[in-house]
Protein chains: 2
Amino acid sequence: MIANLKALPDKTIERLSQYRRNLLICLSKGKQHIFSHEIAQIHNITPVQVRRDLMLIGHSGTLRKGYDVKELIDLIGRILDTKDGLKVCVVGIGNLGRSLIGYFNGRRSKLSIVAGFDVNPDKVDKNYAGVHCHHVDRLNEIIKRDGITIAIITVPAEQAPDVAEKLVIAGIKGILNYTPKSVNVAPHVYLEEYDMITSLEKVAYFVKRNGNAE
Amino acid sequence: MIANLKALPDKTIERLSQYRRNLLICLSKGKQHIFSHEIAQIHNITPVQVRRDLMLIGHSGTLRKGYDVKELIDLIGRILDTKDGLKVCVVGIGNLGRSLIGYFNGRRSKLSIVAGFDVNPDKVDKNYAGVHCHHVDRLNEIIKRDGITIAIITVPAEQAPDVAEKLVIAGIKGILNYTPKSVNVAPHVYLEEYDMITSLEKVAYFVKRNGNAE
DNA sequence: GTAACATTGTTAAATTTGTAACAATGATAT
DNA sequence: ATATCATTGTTACAAATTTAACAATGTTAC
Ligand SMILES: NC(=O)c1ccc[n+]([C@@H]2O[C@H](COP(=O)([O-])OP(=O)(O)OC[C@H]3O[C@@H](n4cnc5c(N)ncnc54)[C@H](O)[C@@H]3O)[C@@H](O)[C@H]2O)c1
Ligand SMILES: NC(=O)c1ccc[n+]([C@@H]2O[C@H](COP(=O)([O-])OP(=O)(O)OC[C@H]3O[C@@H](n4cnc5c(N)ncnc54)[C@H](O)[C@@H]3O)[C@@H](O)[C@H]2O)c1
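Calculation rules
Residue positions are given per chain, counted from 1 along the sequence in the order it is written. Both sets of labels track the order of writing: A upward for chains, 1 upward for ligands. Local features in this predicted model are restricted to residues of pLDDT 70 or higher, and side-chain atom pairs are both shown and tallied only at a pLDDT of 80 or more, whereas totals for entire chains, interfaces and linings draw on every residue. Only heavy atoms go into the side-chain values, all of them from the structure, while hydrogens and water stay out. Axis definition: a line fitted to C-alpha atoms, over the contacting stretch in the case of helices. Angles run 0 to 180 degrees between N-to-C directions. For helices the rule is a DSSP run of H or I covering at least 4 residues; for strands it is a run of E covering at least 2, with both sets numbered from the N terminus onward. Convention used here: angles under 35 degrees read as roughly parallel, angles over 145 as roughly antiparallel, angles from 65 to 115 as roughly perpendicular, and any remaining angle as oblique. Rotating anticlockwise by less than a right angle from the far helix to the near helix defines a left-handed crossing, while the corresponding clockwise rotation defines a right-handed one. Note on contacts: a residue pair qualifies if any of its non-hydrogen atoms lie within 4.5 Å across the two residues. Two strands pair under a simple rule: DSSP has to find at least two bridges between them. Least squares is used to superpose the copies, and the fit set is the C-alpha atoms of residues whose pLDDT is at least 70 in both copies. The definitions used throughout rest on a 1 Å grid laid over the protein atoms alone, on which a cavity is an enclosed set of points accommodating a 1.4 Å probe that cannot get out and a pocket is an open set flanked by protein within 12 Å on both sides along at least five of seven lines; lining residues are those having an atom within 4 Å of a point. Grid points are joined across faces, edges and corners, and a volume is the space filled by probe spheres set on the points. Side-chain classes are defined by residue name, with Ala, Val, Leu, Ile, Met, Phe, Trp, Tyr, Cys and Pro counting as nonpolar, Asp, Glu, Lys and Arg as charged, and the others, Gly among them, as polar. When at least one non-hydrogen atom of a residue lies within 4 Å of a molecule or strand, that residue is treated as near it. Under this definition, polar contacts are N or O atom pairs within 3.5 Å; protein pairs additionally need one hydrogen-donor-capable and one acceptor-capable atom, and for neighbouring residues in sequence, both atoms have to be side-chain atoms. The rule is simple: take the accessible area with a 1.4 Å probe, protein chains only, and divide by the maximum for that residue type; under 20% is buried, over 50% is exposed, in between is partly exposed. By convention, orient the strands away from the viewer: a clockwise path from the first strand over the helix to the second makes the crossover right-handed.

S.K.: I tried to follow the packing of helix 6 (residues 139–146) of chain B against helix 7 (residues 160–169) of chain B on my own but got confused; where do I start?
M.R.: Each pair of packed helices can be summarised by the angle the axes make with each other and by the distance between the axes. Residue and element names in this part refer to chain B. Contact geometry for helix 6 and helix 7: axes closest at 9 Å, N-to-C directions at 40°. Between helix 6 and helix 7, the angle falls in the class oblique. Considering how the two elements wind past one another, helix 6 and helix 7 form a crossing that is right-handed. For the pair formed by helix 6 and helix 7, the contact residues are Leu139, Asn140, Ile143 and Lys144 on the first element and Lys166, Leu167 and Ile169 on the second.

S.K.: Which parts of the structure should I look at to understand the sheet that holds strand 3 (residues 86–91) of chain B?
M.R.: Neighbouring strands of a sheet are bound in pairs by backbone hydrogen bonds; such pairs are parallel or else antiparallel. Residue and element names in this part refer to chain B. The strand order 5-6-4-3-7-8-9 describes an open sheet built from 7 strands, whose pairing is mixed. Each having just a single partner strand, strand 5 (127–128) and strand 9 (190–193) make up the two edges of the open sheet. Sheet analysis places strand 3 next to strand 7 (residues 150–153), joined by 4 bridges and oriented parallel. Counterpart to Cys89 in the pairing with strand 7 is Ala151. Helix-sheet contacts for helix 5 (residues 95–104) involve strand 3, strand 4 (111–118), strand 5, strand 6 (131–135) and strand 7, and the interaxial angle to strand 4 is about 160°.

S.K.: Would you take a moment to explain the relation of the copies chain A and chain B for this structure?
M.R.: Copy one and copy two of the chain differ by a rotation about a common axis and a shift along it. Take chain A, turn it by 180°, move it 0.0 Å along the axis, and it overlays chain B with an RMSD of 0.1 Å. With respect to symmetry, the two chain copies, as superposed, fit the operation of a two-fold axis. If distances are taken from each C-alpha of chain A to the rotation axis, the shortest is found for Leu96(A), at 3.6 Å. A high fraction, 99%, of the interface residues of chain A reappear at the interface in chain B, so the copies pair face to face through one surface.

S.K.: Mind showing me how you'd approach the layout of surface pockets here?
M.R.: In this approach, a probe sized like a water molecule rolls over the atoms, and the result shows the empty space that is left. Within this model, the largest pocket holds a volume of roughly 1,600 Å³. Lys11(A), Glu14(A), Glu192(A), Lys11(B) and Glu14(B) are, among the 49 residues lining the largest pocket, the residues nearest its centre. Only helix 1 (10–28), strand 9 (190–193) and helix 8 (196–212) of chain A together with helix 1 (10–28), helix 2 (36–43), strand 9 and helix 8 (196–212) of chain B provide two or more residues apiece to the lining of the largest pocket. A total of 8 residues in the lining of the largest pocket trace back to one element, the largest contributor, which is helix 1 of chain A. Residues that form the lining of the largest pocket fall into these classes: 12 nonpolar, 18 polar and 19 charged. The volume enclosed by the second largest pocket comes to roughly 1,100 Å³. Lining the second largest pocket are 44 residues, and of these Thr154(A), Val155(A), Pro156(A), Ala157(A) and Tyr103(B) sit closest to its centre. Those elements that provide at least two residues to the lining of the second largest pocket are helix 5 (95–104), helix 7 (160–170) and helix 8 of chain A together with helix 1 and helix 5 of chain B. Residues of the lining of the second largest pocket, tallied by class, amount to 19 nonpolar, 13 polar and 12 charged.

S.K.: In this structure, what is going on with the protein's contact with DNA strand D? I would like to understand it.
M.R.: Within the structure, DNA strand D sits among 23 residues, and Leu63(A), Ser36(B), Ser60(B), Gly61(B) and Leu63(B) are positioned closest to it. Among atoms of DNA strand D positioned within 4 Å of the protein, sugar and phosphate together represent 58%. Interatomic distance of 3.2 Å between a side-chain N/O atom of Arg52(A) and a base oxygen of DNA strand D. Contact distances for DNA strand D include 2.6 Å between a phosphate oxygen and a backbone N or O atom of Gly61(B). For the surface near DNA strand D, the secondary-structure elements that each account for two or more residues are helix 1 and helix 3 (47–56) of chain A together with helix 2 and helix 3 (47–56) of chain B. Taken together, the residues that form the surface near DNA strand D break down as 7 nonpolar, 8 polar and 8 charged.

S.K.: Would you take a moment to explain the sheet that holds strand 7 (residues 150–153) of chain A for this structure?
M.R.: Residues and elements named next belong to chain A. Strands sit in the order 5-6-4-3-7-8-9 across an open sheet of 7 strands; the sheet is mixed. Every other strand in the sheet has two partners, leaving strand 5 (127–128) and strand 9 as the edge strands with one partner each. As paired elements, strand 5 and strand 6 (residues 131–135) share 2 bridges and run antiparallel to each other. The residue of strand 6 that forms the bridge with Tyr128 is Val131.

S.K.: Got a minute to help me understand the pairing of strand 3 of chain B in this structure?
M.R.: The side chains of a regular strand alternate between both faces of the sheet. Residue and element names in this part refer to chain B. In terms of burial, strand 3 is largely enclosed, as 5 of its 6 residues are buried. Relative to strand 4, strand 3 is paired through 6 bridges, and the arrangement is parallel. Its bridge partner being in strand 4, Lys87 is matched across the sheet by Ser112. Traced from strand 3 through helix 5 to strand 4, the parallel crossover comes out right-handed.

S.K.: Help me understand the protein's contact with DNA strand C, please; the structure alone is not making it clear to me.
M.R.: Taken together, 24 residues are adjacent to DNA strand C, and Ser36(A), Arg51(A), Ser60(A), Gly61(A) and Leu63(B) come closest. If you look at DNA strand C and keep only atoms within 4 Å of the protein, 59% of those are sugar or phosphate atoms. Between a phosphate oxygen of DNA strand C and a side-chain N or O atom of Tyr67(A), the distance comes to 3.0 Å. In the environment of DNA strand C, a phosphate oxygen lies 2.9 Å from a nitrogen or oxygen atom belonging to the side chain of Arg15(B).

As far as function goes, none of this settles anything; it's purely spatial.
Here it is as structure tokens:
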């Protein structure tokens with residue numbers, strides 16, 4: 001454990017994840033050093049914010065060359081990743097669930113979707129992008145057996161609270177809920193919720209407010 | 001225009017969207033009045049926050065019965081919706097794009113996806129959940145012809161900046177970018193970006209930090 | 001060598017967001 | 001009638017986040 005003794009701000013964590021993704025691209029293009037204003041431009045933010053984030057994680061750049069891309073990637077990895085990686089499951093292998101599996105897998109070495117769950121017999125015991133779909137009745141069993149710690153919920157909204165409860169009982173430590181229905185979890189479980197309709201309505205509100213529509 | 005003369009906080013807008021969705025459900029169940037603590041519980045937030053949001057939009061509840069569900073829905077509608085509704089297009093009719101179309105449409109009367117765009121000839125001129133897919137070369141034409149003001153980007157990440165630029169030229173006023181690649185737009189265009197990998201990495205970080213993994 | 005310069009690291013201020021405190025209200029019970 | 005009560009509306013406070021300001025640094029040009 002290097003520099004993340006003190007808790008980092010939520011927003012900094014989000015940006016670190018994004019910095020890393022683009023730093024990896026930079027590295028693959030052979031770029032070895034990068035300035036705060038270059039990172040900033042990639043992400044549409046200010047150089048100050050980049051420098052502040054990097055300060056918080058204890059990274060030092062050099063004055064005339066900026067930050068060492070490889071070092072920075074490693075450091076962010078030490079903060080975001082766990083040594084052996086974490087396992088993820090998806091509950092609800094519908095349109096969104098299948099999209100996610102196809103999209104995520106193979107992108108992160110330290111984070112992989114290893115199981116799916118559904119109630120629909122047509123989907124159970126089939127594979128989706130290499131991920132096996134189990135019946136949701138085996139949720140508890142499989143999660144414990146495989147040491148899965150994170151779950152993504154993509155079942156129909158009404159089912160979400162029920163699924164969340166089962167996940168917590170099964171010992172899940174973090175939940176990403178894509179359902180518009182908010183769920184309750186025990187305080188030791190980290191919960192992140194995202195609602196696409198809200199995002200779209202928010203865009204619509206600001207379009208309206210910018211005076212371009214009434 | 002009633003009470004949204006002064007700008008409402010970002011976060012309040014997000015919550016209003018969520019309040020409304022659940023208020024509609026309440027109404028459909030015959031519930032006519034609701035207390036701040038009931039709304040709060042649905043969304044895992046505090047009653048104070050609910051009251052504060054409603055204060056900001058100028059809504060008054062009654063003391064013993066709480067808020068009138070129907071009135072509240074109407075008021076939120078006056079804030080979030082435009083009279084004639086706004087039209088939305090999706091650029092990139094892949095896995096995510098198709099999921100979104102299937103999911104969104106029919107859910108909001110004042111916000112509807114009316115067109116899709118893709119480069120793949122196999123997809124062009126087909127319908128997806130009732131939405132026609134045009135070749136992306138016709139982007140400008142169709143957006144202007146149909147008065148589309150909002151776009152959702154779900155093309156491969158590398159294509160996103162290019163697509164965004166075209167959208168802005170075509171006169172789009174708001175963009176929702178689901179690509180992990182950040183895009184630049186003119187300042188009068190409202191931009192919202194969401195990155196699922198970041199969300200998942202954030203969950204993983206907090207799982208790790210809560211001491212459940214190393 | 002030294003002046004000019006771009007860039008970093010850090011502290012301070014501003015802004016945004018959430019929380020707490022509490023008076024005001026008016027329905028209900030006695 | 002009056003006291004009690006749950007609930008609202010609002011103000012004041014606290015926490016989180018972003019932005020600004022600027023000294024420190026070491027490289028480059030001369
Ligand atoms: N499709 C999208 O683009 C999109 C976007 C945003 C949010 N969402 C949300 O994601 C959720 C799923 O959307 P979708 O379009 O994939 O729907 P879908 O109907 O295609 O998929 C839902 C899947 O969940 C399964 N399921 C139902 N009950 C279950 C249970 N108790 N346990 C396990 N599996 C169960 C169904 O068999 C089905 O396969 C919905 O809540 C929706 O609101 C979807
Ligand atoms: N699938 C997911 O669950 C998911 C989740 C998060 C983010 N994303 C992001 O969404 C984007 C799309 O993901 P996907 O899984 O749907 O990919 P996909 O490959 O299934 O779909 C991409 C579609 O875009 C089309 N396209 C390519 N270039 C285009 C252009 N210039 N103009 C118009 N259309 C073009 C392709 O023909 C294809 O139909 C990616 O950037 C991905 O990072 C996807």
